[in-house]
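Descriptive analysis of the structure
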Amino acid sequence: MRVLVVEDERKLGQVLAAALQAEHYDVVVARTGDEGFFRAHAEAFDLIVLDLMLPGRNGLEILQTLRRRHLHTPVLILTARDGLEDRVTGLDSGADDYLVKPFAVAELLARIRALLRRGRPPESLRLKAGDLELDLVTRHAVRGDRLLDLTVREFELLEYLLRHQGHMVSREMLARDVWREPRRATPLDNVIDVQIARLRKKVDTDAGERLIHTVRGVGFVLQQGEP
Ligand code: CA
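No experiment lies behind these values; they were computed from the predicted model shown.

Examining the side chain of Asp51
- With respect to the helices, strands and loops of the structure, Asp51 is situated in strand S3 (residues 47–51).
- A relative accessible area of 3% places Asp51 in the buried class.
- Of note is the side chain of Asp51, whose polar atom sits 3.2 Å from the side chain of Lys101.
- When sequence neighbours within four positions are dropped, the list of residues in contact with Asp51 reads Val6, Glu7, Asp8, Gly59, Leu78 and Lys101.

Looking at the packing of helix H6 (residues 152–163) against helix H8 (residues 186–204)
- Where H6 contacts H8, the two axes come as close as 10 Å, and the packing angle between them is 80°. Classified by the angle their axes make, H6 and H8 are roughly perpendicular. Contacts between H6 and H8 involve Arg153, Glu154, Leu157, Leu158 and Leu161 on the former and, on the latter, Gln195, Ile196, Arg198, Leu199, Lys202 and Val203.
- Its residues assigned to classes, the contact of H6 with H8 shows 6 nonpolar, 1 polar and 4 charged.

A look at the coordination of the calcium ion
- At 2.2 to 2.3 Å from the calcium ion lie its protein donor atoms, namely Asp8 (OD), Asp51 (OD) and Met53 (O).
- The sequence motif formed by the donor residues of the calcium ion is D-x42-D-x1-M.
- Here Met53 falls in the exposed class, since its relative accessible area comes to 60%.

Re the confidence of the model for the chain
- For the chain, the mean per-residue pLDDT works out to 90, and 97% of the residues sit at or above 70.
- Per-residue pLDDT, averaged within each element of the chain, yields its smallest value for helix H4 (residues 84–92) (86) and its largest for S3 (97).

Points about empty space enclosed by the protein
- All chains considered together, the criterion is met by 1 cavity of 30 Å³ or more.
- Its volume calculated, the largest cavity comes out at about 40 Å³.
- Residue lining of the largest cavity: Ala40, Glu43, Ala44, Phe45, Ile48, Leu66, Leu71, Thr73, His140 and Leu147, and that is the complete set.
- For the lining of the largest cavity, the per-class residue count stands at 7 nonpolar, 2 polar and 1 charged.

A short note on the pattern of salt bridges
- Counted under the stated rule, the structure contains 23 salt bridges.
- Of the charged contacts, one joins Glu133 and Arg126 as a salt bridge, the two residues approaching to 3.4 Å between their closest N and O atoms.
- Residue classification places Arg126 among the buried positions, given a relative accessible area of 11%.
- In this structure, the salt-bridge partner of Arg143 is Asp204, at a minimum N-O distance of 2.9 Å. On the criterion of sequence distance, the pair formed by Arg143 in strand S8 (residues 140–143) and Asp204 in helix H8 is long-range, its members being 61 residues apart. Taken individually, Arg143 and Asp204 each receive the classification buried, so the pair is uniform in this respect.
- Ionic contacts of the salt-bridge type, sharing partners, join the residues Arg2, Asp26, Glu35, Arg39 and Glu43 into one network.

Rules of the game
- Residues numbered from 1 in each chain as written.
- Predicted model: local features only at pLDDT ≥ 70, side-chain atom pairs only at ≥ 80, totals over all residues.
- Heavy atoms only, no water.
- Helix = DSSP H or I, 4+ residues; strand = E, 2+ residues; numbered from the N terminus.
- Buried < 20%, exposed > 50% of the residue type's maximum accessible area, 1.4 Å probe, protein only.
- Polar contact = N/O pair within 3.5 Å; in protein donor to acceptor, adjacent residues only side chain to side chain.
- Contact = heavy atoms within 4.5 Å.
- Axes fitted to C-alpha atoms, helices over the stretch in contact; angles between N-to-C directions.
- Parallel < 35°, antiparallel > 145°, perpendicular 65-115°, else oblique.
- Nonpolar A, V, L, I, M, F, W, Y, C, P; charged D, E, K, R; others polar.
- Donors = N, O, S within 2.8 Å, 3.2 Å for Na, K, Ca; no water.
- pLDDT = per-residue confidence, 0-100.
- 1 Å grid on protein atoms, 1.4 Å probe; cavity = no way out; pocket = protein on both sides within 12 Å on 5 of 7 lines; lining within 4 Å.
- Points joined across faces, edges and corners; volume = space filled by probe spheres on them.
- Salt bridge = Lys/Arg side-chain N within 4 Å of Asp/Glu carboxyl O.

Here it is, written out as structure tokens:
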């Protein structure tokens, strides 16, 4: 389980990292709002512990942007004792839980365990091929440790290819089932090819193995190993 801790107080960040590592979590600590923002968008985490008062981009801004982009990673916010308004705004903005500073580390660990139990979708709501994984609940697409930044259409396309893993998918099928166009047309074929090229770039660049293959004159297939 990977946890991102966004906390600018050096001492507290160290204490939290040590406590989480002792519980065998893989921990990344970001010390500024900007660093937290970029890591939360570029990498896949199972949970984020987010301080609200941060230099640069504050915690609420980070949270609101994540949720606007449909990233549903559980977020636990840390707020100051007098920050009732922040707490309310935080929960309204999509935080899953909060703790008021100062808090006991044991309490934080208990809350994290509870959120992770709640947040993990059943296996059937995830699609996998090698180190590529799609979470249909959070709409996360992950290749290895890398969170893929996909558009809504790209996600749908990848989901379709994964559901037909190892089987040929024709442009006709994509037009009908992903674009919902009953009739096949040349302009649409071109759009499909462009979208596949973009998707392939995001999925297969910098990855160990190519997953999306073109079969000339027929269509596409997603699978491990050459078709
Ligand atoms: Ca702070």
